[in-house]
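One letter stands for each residue in the lines below.
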Amino acid sequence: SLSLDNVTSPLELVEQYSEKLAYMPYTFFIGDHCHMFPHLMKYEEVVEGLSNPLVTGKAEGRIITPIKDKTLNLFPYDTPPSVGKPTKWRCSIEDNPHSSLDQKPDHVPPADGQESPLHVRPYIMPPTLRSAYGLPENGIIYCNFNQLYKLDPGTLHCWCKILLRVPNSYIWLLKFPAIGESNVQAKAAEYGVLPGRIIFSNVAPKEEHVRRGRVADICLDTPLCNGHTTGMDILWSGTPMITMLGETLASRVAASQLTTLGCPELVATNYRQYEEIAVTLGNNPDELHAMKQKVRLARATSPLFNIAKFASDLQDLYRLIWDRHLVRHDHITDTTKRTLPANRLLCTEPLLRPVDPDDYMRIIQQHSAPSWRPY
């Protein structure tokens, strides 16, 4: 059996799997962000006046008066063993906008950048400013931090239409790889997007990568291959993410994450819906603010980042798989606790138009990649 969930792998798409499916109550995806980056929540409390249960330990989030003191004492809701016993962390917000963006710890961090910055005490939080990344201070910043191979022509065209419909809006992407920047800019120009509307930054270490996501307004997910860990990163930063359902597992993970977070309204079933959600939020500051607040509070109140619950649910599912196996070997679907409505569970248009077989063979013979034609 495969441990998945009803949104990522509905029974309507079961022909894609040779295994039997066993559904987690919520999403099958998990991230350890509440252990690695609890300081980002405290930052929001100081700067924006947003009180989050993961910081306060209280049952519900609320809006409070921003704290003026720039020196913070962090009491994380759950202290990761990797940073020692649960003592308070002193966390300062750096006032100097010209200081280095990267923390320089007095020890060597792991090469993969997955270590929490709170190993360093006190942790001095660098400024997280739009200007540090060449972003305009005013305007709507859409973003996507996936590798550029996930971006297909149809999605880029949709993004460009969004830019043209939302005044003073920009898309923030990564040079991941750097060679893709000129190709994206050239294609966007063909779609009528003026230079300067698509802004590229370098790839950053993990903590900065997650932290800087908060300066964007909206993340535009890549439908063909979603942001998986990248989706968790941007949601933990408190930035809403818009996605579109596909037909494969890789094209449905973000929808599963958003459904578990309690934000199914950010899941589209076709490009028209995807575009309309992005344009509506981009042109309505009050709606955008409300969605940001909803996402930021839901990080602590939803099961998405709750590792203890995920582990418990997975253990229960393993026991159920064994019990059911003794009787019959079939899909386990009655464990689902949160999903999308039936009329919104599947995409309503294909993401790519298949190439004619004769054209495909001709391309293969020319030793080049097939050319997909977006709708």
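The shown structure was predicted, so the numbers you read here are calculated from the model rather than taken from an experiment.

Novice: Kindly report on the side chain of D313, identifying the contributing residues and their values.
Specialist: Note that D313 resides in helix α11 (residues 307-327). Of the residues examined, D313 reaches a relative accessible area of 10% and is grouped as buried. Here D313 is in contact with M24, P25 and Y26, once residues within four sequence places are set aside.

Novice: I'd love a proper account of the packing of helix α4 (residues 153-165) against helix α9 (residues 271-283), names of residues and values included.
Specialist: Direction vectors running N to C along α4 and α9 enclose 30°, while the axes themselves pass 10 Å from each other. Classed by the angle they form, the pair α4 and α9 counts as roughly parallel. Considering how the two elements wind past one another, α4 and α9 form a crossing that is right-handed. Mapping the contact onto sequence places G154, T155, C158, W159, K161, I162 and R165 in α4 and Y271, Y274, E275, E276, A278, V279 and N283 in α9. Looking at side-chain class alone, the contact of α4 with α9 contains seven nonpolar, three polar and four charged residues.

Novice: Describe the packing of aromatic side chains, listing the residues and the values that go with them.
Specialist: Tallied over the full model, the rule gives five aromatic pairs. A ring pair is formed by Y133 and W172, whose centres lie 5.5 Å apart and whose planes are at 40°; its orientation type is tilted. With Y133 in the loop between β7 (123-125) and β8 (140-143) and W172 in strand β9 (residues 169-174), this residue pair connects regions lying 39 residues apart in the sequence. Neither residue differs from the other here; Y133 and W172 are each classed as buried. Arranged with centres 6.4 Å apart and planes meeting at 80°, the rings of Y271 and Y274 form a pair that is edge-to-face. One end of the pair, Y271, and the other, Y274, are both in helix α9, three residues apart, so they sit about a helical turn from each other. The pair formed by Y271 and Y274 is uniform in burial state, with each residue classed as buried. The structure contains a cluster of three or more aromatic residues connected by ring pairs, namely Y133, F145 and W172.

How each quantity is defined
Residues numbered from 1 in each chain as written. Predicted model: local features only at pLDDT ≥ 70, side-chain atom pairs only at ≥ 80, totals over all residues. Heavy atoms only, no water. Helix = DSSP H or I, 4+ residues; strand = E, 2+ residues; numbered from the N terminus. Buried < 20%, exposed > 50% of the residue type's maximum accessible area, 1.4 Å probe, protein only. Contact = heavy atoms within 4.5 Å. Axes fitted to C-alpha atoms, helices over the stretch in contact; angles between N-to-C directions. Parallel < 35°, antiparallel > 145°, perpendicular 65-115°, else oblique. Left-handed = near helix turned anticlockwise from the far one by under 90°. Nonpolar A, V, L, I, M, F, W, Y, C, P; charged D, E, K, R; others polar. Phe/Tyr/Trp six-rings, centres within 6.5 Å; stacked < 30°, edge-to-face > 60°.

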